[in-house]
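This is what each chain is made of:
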Amino acid sequence: MTSRPGVDIPDHRGRTGLHLAGRGLDRNPRVRIRDVELTSQGWHILRRTTFDYRRRDGRWETQQRETYDRGNGAVVLPYDTNRGRVLLTRQFRYPAYVNGHPDGMLVEAAAGLLDADDPATAVRRESAEELGVRLGPLTHVLDAYMSPGSVTERLHFFAAPYTPADRLAEGGGVEEEGEDIEVLELPFTEALAMTADGRITDGKTLLLLQWAALHGPFAPRLAPGDRPPHGG
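This section reports on the structure supplied with the text. Per-chain numbering applies: the sequence of each chain, read as written, is numbered from 1 onward. Since the coordinates come from a predicted model, pLDDT governs what is reported: local features require at least 70, and pairs of side-chain atoms require 80 or more to be given and counted, while whole-chain, interface and lining totals use all residues. In computing side-chain properties, one takes all heavy atoms of the structure into account and sets aside hydrogens as well as water.

1. A look at helix α2 (residues 119–131)
Labels follow the DSSP assignment, with helices taken as runs of H or I lasting at least four residues and strands as runs of E lasting at least two, numbered in each case from the N terminus. In a helix, the anticipated span is given by 1.5 Å times the number of residues less one. In this model α2 runs 17 Å from its N-terminal to its C-terminal C-alpha over 13 residues, within 8% of the 18 Å that 1.5 Å per residue would give. Along α2, the residues that are buried comprise A122, V123, R125, E126, S127, E130 and L131. Between two residues, a contact is recorded if the distance between any of their heavy atoms is within 4.5 Å. The secondary structure elements touched by the buried residues of α2 are β4 (73–80), β5 (85–92), β7 (110–113), β9 (154–161) and β10 (182–187). Polar contacts here mean pairs of N or O atoms no more than 3.5 Å apart (in protein, one a potential hydrogen donor and the other a potential acceptor; neighbouring residues in sequence count only if both atoms are side-chain atoms). Sitting at the amino-terminal end of α2 is D118, which places a side-chain oxygen 3.1 Å from the backbone nitrogen of A120. At the exit of α2 stands G132, carrying a positive phi of roughly 70°. Here's how the labels work: a residue is buried when its accessible area is under 20% of the maximum for its type, exposed when over 50%, partly exposed in between, all with a 1.4 Å probe on protein chains only.

See below:
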């Protein structure tokens, strides 16, 4: 039998058993995993899974789904309320470029994969690498699946304060990983306007900026005695 990288022998990242993900899942009695096929194992992993699914009317049917597994990630919005600023990035994104974006240069919040780190450690690492900034106390905003129809990634959202004194380096990302990141320090009002006029089209960044405007550091402050939003 031929050995298969990522299955029987280590692939280029030292991984084996990549075809086993999902085989033991039994949390949903309406889903029975039948087979998991490893179709690609580049830097990330593409699997084709065959499973039986019981519909709401009780009928069982066999389905196939492809899942793209790139690991989980974390994203952060650094903000300076005293100066009304936020830190964002601009970088080339080929998938957006090939799918209609004019030049592929997306304005985004700093983000990255967790790798072996916990989410809080990961966002501090990415902020240092991409933005050259040391973050203050982290606020966990939420966790979300950004493209659950095909991508397994769960993204952890954070916000954190910074000051001019926390800018420790130029940022720009890790050149060895192909990163060439421009750091943008923008007035929050301008960044929010960019979400409305199409200059910011990245989903995670849209979500964080809207959160900052509605519930976060730039949300309107209630006068004493005013009713909090959502009846809280």
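On we go from here.
2. Quick notes on the sheet that holds strand β1 (residues 31–41)
By the convention used here, strands pair only if DSSP detects at least 2 bridges between them. On the basis of which strands lie adjacent, the open sheet formed by three strands has the order β1-β2-β3 and antiparallel pairing. For this open sheet the edge positions go to β1 and β3 (60–69), each flanked by a neighbour on one side alone. The sheet shows a mean angle of 20° between the axes of neighbouring strands, direction not considered. Relative to β3, strand β2 (residues 45–54) is paired through ten bridges, and the arrangement is antiparallel. Directly across from Y53, in β3, lies its bridge partner E61. Every axis in this analysis is a line fitted to C-alpha atoms, fitted for helices over the stretch in contact. Angles between the N-to-C directions lie between 0 and 180 degrees.

3. A word on unusual backbone geometry
Most peptide bonds adopt trans geometry, and most residues besides glycine take a negative phi value. For D115, which is not glycine, the phi dihedral falls at a positive 55°. Within the element layout of this structure, D115 appears in the loop between β7 and α2. Overall, the relative accessible area of 59% leaves D115 in the exposed class.

4. Points about the nonpolar core
Nine residue types can take part in a nonpolar core, namely buried Ala, Val, Leu, Ile, Met, Phe, Trp, Tyr and Cys, and a core is a set of them joined through side-chain atoms within 4.5 Å. One finds V75, L77, V86, L88, F157 and L208 to be the most contacted residues of the largest nonpolar core, which totals 24 residues. When residues of this core are assigned to their parent elements, the largest contribution, five residues, is made by helix α4 (residues 203–214).

5. Points about the pattern of salt bridges
The working definition used for a salt bridge is a side-chain nitrogen of Lys or Arg within 4 Å of a carboxyl oxygen of Asp or Glu. For the structure on display, the rule yields 20 salt bridges. The partner of R47 in a salt bridge is D69, and the shortest N-O contact between them spans 3.1 Å. Within this pair, whereas R47 is found in strand β2, its partner D69 is found in strand β3, the two being separated by 22 residues in sequence. Assessed through its relative accessible area of 6%, R47 is described here as buried. Residues joined by salt bridges that share partners form a network here, namely R93, E108, D202 and K204.

Any link to function would need more than the numbers given here.
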